[in-house]
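Topology and contacts: notes
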Amino acid sequence: MTPLIAGNWKMNTTVHQGAELVIRLRELLKGIDTVDVVLAPPFTSIHHLSHLVADSPIKLAGQNFFWEKSGAYTGEVSAEMLLSAGCQYVIIGHSERRTHFKESDEEVNRKTLAALKSGLRPIICVGESLEERERGKTVKRVSSQLQNALSGVAGSAIREVTVAYEPVWAIGTGRNATPEQAEEVHNSLRDLLYEMYGPDAVKDVRIIYGGSVKPDNIDSLMAQPNIDGALVGGASLKAEDFARIVKFQPM
Ligand code: 13P
């Protein structure tokens, strides 16, 4: 399975700043062909960046979208718009959307189905709060998030899905899950996928980790058997740091 390293820029970078970052990354990542590299810039940058990433290993993702095709939904963008701007992937159900914009499991499911139908590859985020972890509810929480997100997703489509495990307490806090903590959750998510779809259907489904991933912890995270990549926030805004993460050396 090819690892996937994605950078989620969140609400950062103007068009100009995004272009500078990608131009630098393109240099640093020249010749990389053993890792799928994905960047999720703000909507306003996507189309411009699509020209800059042509002939590079970098693919683009939306950070969100709305499941309807078009119409009177002020402020939203559709899957078709993301595809036409140059995206191949879309992040769905990030914890910041669940928290700040009250996105529910049901909405995450509708977005997942709509993304798959349109040909966008969903990166579905799941993760527990600190309170849930402390109460021993981590696996239960992330399993129900994933199960709900995948409701109605056919076995023939599941290979297009990437699952991102992002413990909420590890996002932007500098406090990453230990490789062992992440591995335990990834392993249980893998088991759930096997149960739902069977081993053949899910052998290519990547489960990536997000939450304070940095150059100095990526190597030990990627050494875990069930960690297939990373979803990087803060460190993806620094070209050198993100390039080092893409060039991880499992230890
Ligand atoms: P940080 O890497 O800044 O903790 O953010 C993680 C994240 O939310 C990626 O989607």
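First, a word on what this report is: a plain description of the structure on this page.

Cut-off values and rules
Residues numbered from 1 in each chain as written. Predicted model: local features only at pLDDT ≥ 70, side-chain atom pairs only at ≥ 80, totals over all residues. Heavy atoms only, no water. Pairing = 2+ DSSP bridges. Helix = DSSP H or I, 4+ residues; strand = E, 2+ residues; numbered from the N terminus. Axes fitted to C-alpha atoms, helices over the stretch in contact; angles between N-to-C directions. Near = heavy atom within 4 Å. Polar contact = N/O pair within 3.5 Å; in protein donor to acceptor, adjacent residues only side chain to side chain. Areas by Shrake-Rupley, 256 points an atom, 1.4 Å probe, with all protein chains shown as cover. Nonpolar A, V, L, I, M, F, W, Y, C, P; charged D, E, K, R; others polar. Expected span 1.5 Å × (residues − 1). Buried < 20%, exposed > 50% of the residue type's maximum accessible area, 1.4 Å probe, protein only.

With that settled, the discussion passes to the sheet that holds strand β4 (residues 87–92). Pairing in this closed barrel of 8 strands is parallel, and the strands run β1-β2-β3-β4-β5-β6-β7-β8 around the ring. On average, each strand axis in the sheet is tilted by 25° relative to the strand beside it, whichever way the strands run. In terms of strand pairing, strand β6 (residues 162–165) meets strand β7 (residues 206–210) through 4 bridges, oriented parallel. Looking at the pairing, T162 lines up with R206 of β7.

All right, on to the site of the ligand then. Taken together, N8, K10, H94, E166, A170, I171, G172, G211, S212, L231, G233 and G234 are the residues near the ligand. With respect to the ligand, the side chain of H94 contributes an N or O atom lying 2.8 Å from an oxygen atom. Separating an oxygen atom of the ligand from a side-chain N or O atom of E166 is a distance of 2.9 Å. When the ligand is considered free in solution it has 310 Å² of accessible area, and contact with the protein chains removes 97% of it. Along the lines of polarity and charge, the residues of the shell around the ligand split into 3 nonpolar, 7 polar and 2 charged.

Attention now goes to helix α8 (residues 179–197). The terminal C-alpha atoms of α8 lie 26 Å apart, and with 19 residues this matches the ideal 27 Å at 1.5 Å per residue to within 8%. Those residues of α8 that fall on the buried side of the exposure criterion are P179, A182, E183, V185, H186, S188, L189, R190, L192, L193 and Y197. G198 sits one or two positions beyond α8 and adopts a positive phi of about 85°.

Backbone geometry places T13, a non-glycine residue, at a positive phi of 85°. Tracing the backbone shows T13 in the loop between β1 (4–8) and α1 (15–28). The phi dihedral of D55 is positive, around 60°, even though this residue is not glycine.

With that settled, consider the pairing of β7. β7 sits mainly inside the fold: 5 of its 5 residues count as buried. The two faces of β7 match: R206, I208 and G210 on one face and I207 and Y209 on the other face are all buried.

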